[in-house]
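Descriptive analysis of the structure
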Amino acid sequence: MNIMKITPAPGAYNFQLLIKNILAYSLILEPEREIVYSNKSRYNYYTLNKRVRQLANVLQELGLDGGATVAVMDYDSHRYLECYFAVPMTGNVLHTINWRLSPAQILYTIRHAKDEIIIVHEDFLPIIEGFAGQMPSVKHIIVTTDDIATVKNNFLHYEPLLRSSSEEYTFPDFDEEAIATMFYTTGTTGDPKGVYYSHRQLVLHTYHLAASFGFVAGATGRMSSDDVYMPLTSMFHVHAWGFPYLATMYSLKQVYTGKFDAGNVLQLIRDERPTFSHCVPTVLQMLFKKEEEMPTDFSGWKIISGGAALSESLAKRALERGIDIRASYGMSETCPVICGAYIPLSCKDNDMAWQTANRTRTGIPPAFVEMRVVDEEGNDVPHDDIAKGEIIVRAPWLTQGYLHDHERGAQLWAGGYLHTGDVATVNKHNSIRIADRIKDVIKSGGEWISSIALENYIGLHPYVAEVAVVGIVDAKWGERPCALVVPAAGHTLTTEMLQEHLQQYIDNGEMSKWALPERFEWVAAIPKTSVGKIDKKEIRRLLNE
Ligand code: AMP
């Protein structure tokens, strides 16, 4: 096919999609609004812009003139936000370090990414100091601290460096395909894998969030320019799902929590009144637990839950507290947001079962995301919400591979689609429901049992505080489901009680009878991964021991 391409007029400016334009707009709408750092500091958008320029000068004075990688290891903070902008806007690459990884994995990522500068919170400094002599690419370590009196003299320090740097900096234009950010994701096997995103991708993802979370009339959980934004996902994890870029573009009041502490978060909710947040379900569970001793008014708070399946029981607890909650879906490789539950406000407002069922669906893909659910031959499964297949996806903001790892990158992109490794069904309204990670599906006697569905049904028992289901090796059936259950405070559960509870879902046809677990383990806590999700690999290891 022939196409006709534009011939630009002499002097026509080829505008690139650069992160600097996100920050530039923050001075247009509501620049007096505040960016709050826990109970420690607050400033407005003029100051944010000034400090980003100062940080750019710091990087330049330390010898970086683009193409270098700058790692950050911090709690969620205003300083992290400054790095989100200053590092890529100077043509360098921001590496967000997951400080919950093991020291050996952190060192691997620093060496693999060839970090030249590490900006590190003093709490994590001992880890970095432990790597002395093993980080050949690292030229400078800059320490951030909330209390300058506690710092050690033999390091560079963030605040004094900023203070002594010029407030003038003109951010250059360059190719929008320049890499802006990168970070590592850990699989069940092998070394961590580096994913990376360009300026263009992050700008498009920001616009996509604005449209998908703002434009759809009557949908719940919308974000708008008068929201107060408080992320409850770590900023090292997929740019806090990209929302800090959107919040900054429209100069929303933003609240960063610092080191996570449920009591502090509840206090911030009381004091700063956030209206829009996002988190993994575990974080919400922690807040509700803390709320038992610290009653808090949650009304008017919108929460996007992602990173793991949102159970109906947790959605119900949130709705009962006046929280407008819904699920969304994505992964490290997808920037991340590629899907979200869609519930028009008008729908069955007073029907709690309908609300929780729909708010917890993985949802529908937004515009510009081509999402398919395919069987092993690559054919689309019927949209009957029964047939299962793998979610594969194309979108403008997906990682184009893994850093310095063509082999695993090619596996990710087999056949020209990004393979998510998630198994799902689709209903006739194009709404997807994740049944499991491929490796977590329980294969029992030739049948596939969804561990997520089982967790959902078990979680609906009023005495269940938390639950995780995994497959364990079984001589007769290959695998059988086993449920780890944390009973609610002051309650005792038995296998018979839970089997009786599950029988209702078998009787009404929602659950197959062979999905009924014979084995339940009562535990005080469920093992979690470095990003706060149920650690099924670890649970399987413990149970199969
Ligand atoms: P990560 O790369 O650590 O962000 O993990 C991404 C994975 O989290 C996905 O591949 C899914 O398995 C899981 N996940 C994310 N969102 C959801 C959701 N709404 N429901 C179920 N699983 C989810």
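Computed from a prediction, not measured in an experiment: that's the story for all the values here. (Residues numbered from 1 in each chain as written. Predicted model: local features only at pLDDT ≥ 70, side-chain atom pairs only at ≥ 80, totals over all residues. Heavy atoms only, no water.)

**Concerning the packing of helix H10 (residues 281-291) against helix H11 (residues 312-320)**
Close contact between H10 and H11 brings their axes to 11 Å; oriented N to C, the two are set at 50°. Taken together, the axes of H10 and H11 are oblique relative to one another. Our pair here, H10 against H11, has a crossing hand that is left-handed. Here H10 contributes Pro281, Leu284, Gln285 and Phe288 to the contact with H11, which in turn contributes Leu314, Arg317 and Ala318. A breakdown of the residues in the contact of H10 with H11 according to their chemical character gives five nonpolar, one polar and one charged. (Axes fitted to C-alpha atoms, helices over the stretch in contact; angles between N-to-C directions. Helix = DSSP H or I, 4+ residues; strand = E, 2+ residues; numbered from the N terminus. Parallel < 35°, antiparallel > 145°, perpendicular 65-115°, else oblique. Left-handed = near helix turned anticlockwise from the far one by under 90°. Contact = heavy atoms within 4.5 Å. Nonpolar A, V, L, I, M, F, W, Y, C, P; charged D, E, K, R; others polar.)

**So, the sheet that holds strand E7 (residues 156-157)**
In space, the seven strands of this open sheet follow the order E7-E6-E5-E3-E4-E8-E9, with mixed pairing throughout. Because the sheet does not close on itself, it has two edges, and the strands there are E7 and strand E9 (193-198). As defined by bridge partners, strand E5 (residues 115-121) adjoins strand E6 (residues 140-144) across five bridges and the pair is classed as parallel. Paired with His121 across the two strands is Thr144, which belongs to E6. Each of strand E8 (179-185) and E9 is contacted by helix H7 (residues 199-214), which is oriented at about 75° to E9, the strand it contacts most. (Pairing = 2+ DSSP bridges.)

**Some details on the pairing of E8**
Among the seven residues in E8, six count as buried, and that is most of the element. The pairing of E8 with E9 spans six bridges and is antiparallel. Paired with Ile179 across the strands is Ser198, a residue of E9. (Buried < 20%, exposed > 50% of the residue type's maximum accessible area, 1.4 Å probe, protein only.)

**Observations regarding the pattern of salt bridges**
Across all of its chains, the model carries 27 salt bridges by this definition. Here Lys316 and Glu320 are joined by a salt bridge, their closest N and O atoms 3.0 Å apart. One end of the pair is Lys316 and the other is Glu320, both in helix H11 and four residues apart, which spans about a single turn. Here Arg437 ties to Asp422 by a salt bridge, and the two come within 2.9 Å at their closest N and O atoms. Taken together, the residues Arg437 in strand E19 (residues 432-437) and Asp422 in strand E18 (residues 418-426) connect sequence positions 15 residues apart. Given the relative accessible area of 29%, Arg437 is considered partly exposed. Salt bridges sharing partners connect three or more residues here, namely Arg51, Arg79, Glu82, Asp146 and Glu159. (Salt bridge = Lys/Arg side-chain N within 4 Å of Asp/Glu carboxyl O.)

**Regarding the pairing of strand E15 (residues 337-340)**
Pairing of strand E14 (residues 324-330) with E15 involves three bridges; the strand directions are antiparallel. Within E15, the position partnered with Ser328 by the bridge is Gly340. Linkage of E14 to E15, two consecutive antiparallel strands, is achieved through a turn of six residues, within which Cys335 is found at a positive phi near 85°.

**Description of the domain arrangement of the chain**
By the assigned domains, the chain splits into domain 1 (19-426) and domain 2 (441-544). For domain 1 and domain 2, the distance between their C-alpha centroids amounts to 30 Å. Of the residues lining the interface, 18 residues belong to domain 1; the matching set on domain 2 comes to 15 residues. Summed over both partners, the interface of domain 1 with domain 2 comes to about 1400 Å²; 56% of that surface belongs to carbon and sulfur atoms. (Domains from an automatic or database assignment. Buried area = accessible area lost by both parts, 1.4 Å probe.)

**Remarks on the packing of helix H2 (residues 45-61) against helix H3 (residues 78-89)**
As a packed pair, H2 and H3 sit with axes 9 Å apart at the nearest point and diverge in direction by 55°. Classified by the angle their axes make, H2 and H3 are oblique. For the crossing formed where H2 meets H3, the hand is right-handed. Judged by residue contacts, Leu48, Arg51, Val52, Leu55, Ala56 and Leu59 of H2 engage His78, Arg79, Leu81, Glu82, Cys83, Phe85, Ala86, Val87 and Met89 from H3.

**Things to note about helix H9 (residues 262-272)**
Of all 11 residues that make up H9, eight are buried, and the element is covered over most of its length. Turning to H9, its buried residues are Ala262, Gly263, Asn264, Val265, Leu266, Leu268, Ile269 and Glu272. On its buried side, H9 packs onto strand E1 (34-37), strand E2 (41-44), strand E10 (228-229), strand E11 (253-256) and H10. Structurally, the start of H9 carries an N-cap: the backbone nitrogen of Gly263 is 3.2 Å from a side-chain oxygen of Asp261. (Polar contact = N/O pair within 3.5 Å; in protein donor to acceptor, adjacent residues only side chain to side chain.)

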